[in-house]
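Understanding the architecture of this molecule
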Amino acid sequence: MKIAVATTTRADWGLLSPLASELRRRGHEVQVLAANMHFNPELGMTVREIEADGFLPALRCDVQGSPVVIASACLLQYAEALARLKPACMICLGDRFEMLAIAQAAVMSGVPIVHIAGGAVSEGASDDMFRHAITKLSWLHFTECEDYRRRVVSMGEDPARVFDTGAIGVHNILSISLMDKAVLETDIDFALDRDTLLCTMHAATLEPVLSPVRQYACLLEGLSRAMDSKPSLRLLFTYPNNDVDPAPLIAAIHEFAARYPRRVRVIPALGMRRYLSALHYVGGVIGNSSSGIVEVSSAGVPVLDIGIRQQGRMRAPSVIHADCDAGQIALGVERLFSPSLRALASRRENPYYNPDTLTVMADAIENTDFSQAYIKPFYQPCATSI
């Protein structure tokens, strides 16, 4: 089977890579279609990670600019690529603005979509609307937990094509070969210990009061207070994505890091293996990435979720919350080091865990007749059928 895989960010490729590799191992022809952040030098030029995993992209949609410019380019270039490559289906993940354009290109090209991570809710970002729209454009659905599977069915999707697979990111945490701590520290030029926190903060695009710049000001002020009260605290920052112009946010991170030259390290993108390895050596995670909510609990460290971006997502008991307020953030950082929360995190409870995620996904793709994916009746569930 010829299978296309759409990827536009470091985050989604880290999740899609194991599935792409498994499908290739089973003998399928996997065509990676790459775009957006993968080609941005300021954000790490992460197309190199795709190539390092043994995939030469069949599409390189290298367009930078506003979300409208990027989405428009993706719609056109993915439609052209799908018409040329003629895959049986296209796999896409998540909820970003350009992924909605890519999904539209697939529908208009007659290519059925396999959608990963539908049914979730993240009320503080436009991603929430994009995710549900992609669900309605898709033919086969892999959700991260049973509640999300039920939500997708409630949106009119046939339950026979909606699978509770668990989260592929959790599978990665439990399956990947970790880097040796000393090797990782040399690679990033920064020592890691249980007083080190890993921070990734994106813009909460639907935040009604605080602009992204103000959101970052609150974050960095809160972290500054935490750094002053805990001299052993150290921070490993990764860059935000480009839902909004990331330049002023990145500048703020570097300005903050310059105040703490031996205690803060900034890396544009860690990549999957370095990121998952780092999770096992740091003391916790802060910010508002979906990874912090979905995956990190399976690494056994606590998480401080900040602001409204991930509001509505199911979360493990070791994920705590702080509003986008400097005082609350500082207190939240202090809580990350409490023995009780760390003991709770060590239990690795995670609602997104499924022991067979990768197998269920690959089997479902292999067993689906995509040639019949044309007419999609609206499924009207009864109370006992979902």
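Higher on the page you've got the structure.
Residues numbered from 1 in each chain as written. Predicted model: local features only at pLDDT ≥ 70, side-chain atom pairs only at ≥ 80, totals over all residues. Heavy atoms only, no water.

Our next topic: the packing of aromatic side chains. Under the criterion given, the structure shown has five aromatic pairs. Note on Phe 142 and Phe 163: the rings are 6.1 Å apart at their centroids and 70° apart in plane angle, and the pair reads as edge-to-face. Residue Phe 142 is found in strand β6 (residues 140–143), and its partner Phe 163 is found in strand β7 (residues 162–164); the two are separated by 21 residues along the sequence. Classification of Phe 163 by relative accessible area gives partly exposed; the value is 28%. Note on Tyr 148 and Tyr 352: the rings are 6.0 Å apart at their centroids and 50° apart in plane angle, and the pair reads as tilted. With a gap of 204 residues between them, Tyr 148 in helix α6 (residues 146–154) and Tyr 352 in the loop between α14 (339–345) and α15 (357–366) connect regions that are remote in the sequence. We classify Tyr 352 as buried; its relative accessible area is 0%. The structure contains a cluster of three or more aromatic residues connected by ring pairs, namely Phe 237, Phe 256 and Tyr 260. The aromatic ring of Trp 139 is capped on one face by Arg 161, whose charged end is 3.8 Å from the ring centroid. (Phe/Tyr/Trp six-rings, centres within 6.5 Å; stacked < 30°, edge-to-face > 60°. Helix = DSSP H or I, 4+ residues; strand = E, 2+ residues; numbered from the N terminus. Buried < 20%, exposed > 50% of the residue type's maximum accessible area, 1.4 Å probe, protein only. Lys NZ or Arg CZ within 6 Å of the ring centre and 35° of its normal.)

Here we have six strands laid out as an open sheet, ordered β10-β9-β8-β11-β12-β13, and parallel in their pairing. Edge strands, defined here as strands with exactly one partner in the open sheet, are β10 (264–267) and β13 (319–322). Direction aside, the axes of adjacent strands within the sheet are offset by 20° on average. By the bridge criterion, three bridges tie strand β11 (residues 284–287) to strand β12 (residues 303–306) in an arrangement that is parallel. Across the sheet, the residue bridging to Ile 286 is Leu 304, located in β12. Against the sheet, helix α13 (residues 326–336) engages β8 (196–200), β11, β12 and β13, with an angle of about 165° to β12. (Pairing = 2+ DSSP bridges. Axes fitted to C-alpha atoms, helices over the stretch in contact; angles between N-to-C directions. Contact = heavy atoms within 4.5 Å.)

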